[in-house]
Amino acid sequence: MTLTVFNSLTRRQEPFIPIESGKIGMYCCGVTVYDYCHLGHGRTCLVWDVVRRYLEWRGYQVHYVQNFTDIDDKILKRAQDEGTTMEEIAERFIQAYFDDMERLGVKKADAYPRVTHALDGIKRLVSQLENQGYAYAANGDVYYAVHQFPDYGKLSGRKLEDLKAGASGRVEETDPDIHKKYDPFDFALWKAAKPEEPSFSSPWGEGRPGWHIECSAMVKQELGETIDIHAGGGDLMFPHHENEIAQSEAATGKPLARYWLHNGMVKVEGEKMSKSLGNFITLRDLLDRVDPMVLRLFMLQTHYRKPLDFTDEGLAGARNGWNTLREGLLFKTHYGKQLGWDHNPPQKSDEQIQKRFAEVVDDDFNFAGGLPILFELAKELRREGNLLLHQGTTEASAKELAVKWHTLAELADVLGLEAKAEETTSSASSLSDEEIETLVQQRTQARKAKNFAQADQIRDQLKAKGVILIDQPGGETRWYREQ
RNA sequence: GGCGGCAUAGCCAAGCGGUAAGGCAGGGGCCUGCAAAGCCUUUAUUCCCCAGUUCGAAUCUGGGUGCCGCCUCCA
């Protein structure tokens, strides 16, 4: 079995071969912390979280790094609007980020570098590029000279000439610093601060780093000159990742990343959701009304490179789908004791099923294609559980069920799907077994006497207390407490 | 204007040359005093359109049509 991934750099699907066998260095472009995370951030974090989980499951040791951009004009603007500092704003939204991600079940990265902690590396890198002739200073700014880098555009498949032809005047109109640049597509590595603005000292004067240079510096600092996987949202491909390549590869002469992976955008009502369009749904608002696992399943149902249209209808489908998986996952909680798993807990997975799953998912992280395997297991377990509940027995062996459950739990964990056992509801008003038995007896008598009004009244009374009755063929009635 | 992507049932969606996974929703049946729950079963002669390659195409090629993304801050 070989894992193959779609590499944005080559626009082809390629076998995945890490630099060092068994180990993976992975960097995912994180968020600029000037506001709460929206669904788009959620998708990106979730997709790469699952990719990372999968790689680990496949036996790789993954070193996963995700950055925070905590120096940025938008953070500064918000700080000025609120009469506070960039630090305070950044800190607030970094905390919010961690809260949201924990609720979503996203595993912690191994490192969260921040621009504010990477300034020395950034300045060193800018100096180096300047010395090498890739960058030039202009009135306290430092710009990267794109024409000096012959490969510029290789990631996004653009040529500088095409870019110029396509931009046709727009760049000049919108870029106030255009007169300082040799080329309109030169971009800032370092920007001089205006008076009153927070700034950091540098060889070029007081200022702040440009947006793209931070990632080049932090990748190098955390993972080295060439990494295995560089991931991020598809909208970062140009110019952000293109510029990262230009910076890092010019400086080191080595490839920045072997595999560039990009996830598709989230759409709302068919339109891209983005901060600039203002049509975004924040993750925290959504998580207040949607089970995080439902959201996770919803997002996993679409291949990571495809656009994902967010709709209430789709979410409702995922909600029901999650119930199915959830029932399968809770099989152990509900029936384990009955099956004697207390003493002999299930601990083996079905290797054939593991293999089937891996074969599907190895094809460019096709989680959506692997999901039916989980549904297959969950439905079988649910069915067996229902038979146990309704008939008290099942023909499947306890051992067989244990393997199925263990396999399901393992694969669900790869996808980050976790079912929490529900708290027992209505415990205060719950009846004892004896009380229930008595009422059930009374109802059976009433039914025999064809006094259905009374029988139904007892049934309703028990239902109100969370006790569900099952009339079986032959007249016997089983009952269970609602879970 | 340049670059790229996508079009599969009511909805979501996998599929990458060998005769349409799966989820959701829906239909039918069994059981039942009626329910509920459960169990069983069923749902695309066809993959946007047209032409071509092939023994064979949803899958490959060419041409349309429609939608979307990037080219400016964006995950």
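Note that the structure is a prediction, hence the values are computed from the model and not measured.

## Here's the deal with the overall build of chain A
Here is step 1: In terms of regular secondary structure, chain A is built from 17 helices and 15 strands.
Here is step 2: Along the first, second and third principal axes, the C-alpha set of chain A runs to 95 × 50 × 40 Å.
Here is step 3: A total of 483 residues make up chain A; the buried ones form 51% of that total.
Here is step 4: Taking the contacts inside chain A whose residues are at least 6 apart along the sequence as the reference set, 74% of them involve residues at least 24 apart.
Here is step 5: With an accessible surface of roughly 22,800 Å², chain A has 47% of that area assigned to carbon and sulfur atoms.

## Concerning the sheet that holds strand β4 (residues 61–69)
Here is step 1: What the four strands build is an open sheet, ordered β4-β3-β9-β10; its pairing is parallel. The open sheet has two edge strands, β4 and β10 (257–263), and neither has a second partner. Going from strand to strand, the sheet's axes swing by 20 degrees on average, the running direction of each strand aside.
Here is step 2: By the bridge criterion, three bridges tie strand β3 (residues 23–32) to strand β9 (residues 227–233) in an arrangement that is parallel. Bridge assignment links cysteine 28 to a residue of β9, and that residue is alanine 231.
Here is step 3: Sheet contacts for helix α7 (residues 213–223): β3, β4 and β9; angle to β4, the most-contacted strand, approximately 145 degrees.

## Focus: the packing of aromatic side chains
Think of a pair of aromatic rings as described by two things: how far the centres are apart, and how the planes are tilted against each other in angle.
Here is step 1: Counted according to the given criterion, the structure contains 25 aromatic pairs.
Here is step 2: The interplanar angle of 40 degrees and the centroid separation of 6.0 Å between the aromatic rings of tyrosine 136 and tyrosine 143 together place this pair among those described as tilted. The same class applies to tyrosine 136 and to tyrosine 143, which are both buried.
Here is step 3: Judged by centre distance (5.1 Å) and plane angle (50 degrees), the ring pair of phenylalanine 331 and tyrosine 335 falls under tilted. Taken together, the positions of phenylalanine 331 and tyrosine 335, both in helix α12 (residues 331–335) and four residues apart, correspond to about one turn of that helix. Summarising the burial analysis for this pair, phenylalanine 331 and tyrosine 335 share the class buried.
Here is step 4: Taken together, the ring pairs in this structure connect Trp48, Tyr54, Trp57, Tyr304, Phe357, Phe365 and Phe367 into an aromatic cluster.
Here is step 5: Sitting over the face of the ring of phenylalanine 98, lysine 108 holds its NZ or CZ atom 3.9 Å from the ring centroid.

## Quick look at unusual backbone geometry
Here is step 1: Here the bond from phenylalanine 238 into proline 239 is cis, since omega is 0 degrees, no more than 30 degrees from zero.
Here is step 2: Secondary-structure assignment places proline 239 in helix α8 (residues 237–252).
Here is step 3: In this structure, phenylalanine 365 takes a positive phi of about 55 degrees despite not being glycine.
Here is step 4: Along the polypeptide, phenylalanine 365 turns up in the loop between α13 (351–361) and α14 (367–391).
Here is step 5: With phi around 60 degrees, lysine 450 is a residue other than glycine that occupies positive phi space.
Here is step 6: With respect to the helices, strands and loops of the structure, lysine 450 is situated in the loop between α16 (433–448) and α17 (452–464).

So, how was this worked out
Residues numbered from 1 in each chain as written. Chains lettered and ligands numbered in written order. Predicted model: local features only at pLDDT ≥ 70, side-chain atom pairs only at ≥ 80, totals over all residues. Heavy atoms only, no water. Helix = DSSP H or I, 4+ residues; strand = E, 2+ residues; numbered from the N terminus. Buried < 20%, exposed > 50% of the residue type's maximum accessible area, 1.4 Å probe, protein only. Contact = heavy atoms within 4.5 Å. Areas by Shrake-Rupley, 256 points an atom, 1.4 Å probe, with all protein chains shown as cover. Pairing = 2+ DSSP bridges. Axes fitted to C-alpha atoms, helices over the stretch in contact; angles between N-to-C directions. Phe/Tyr/Trp six-rings, centres within 6.5 Å; stacked < 30°, edge-to-face > 60°. Lys NZ or Arg CZ within 6 Å of the ring centre and 35° of its normal.

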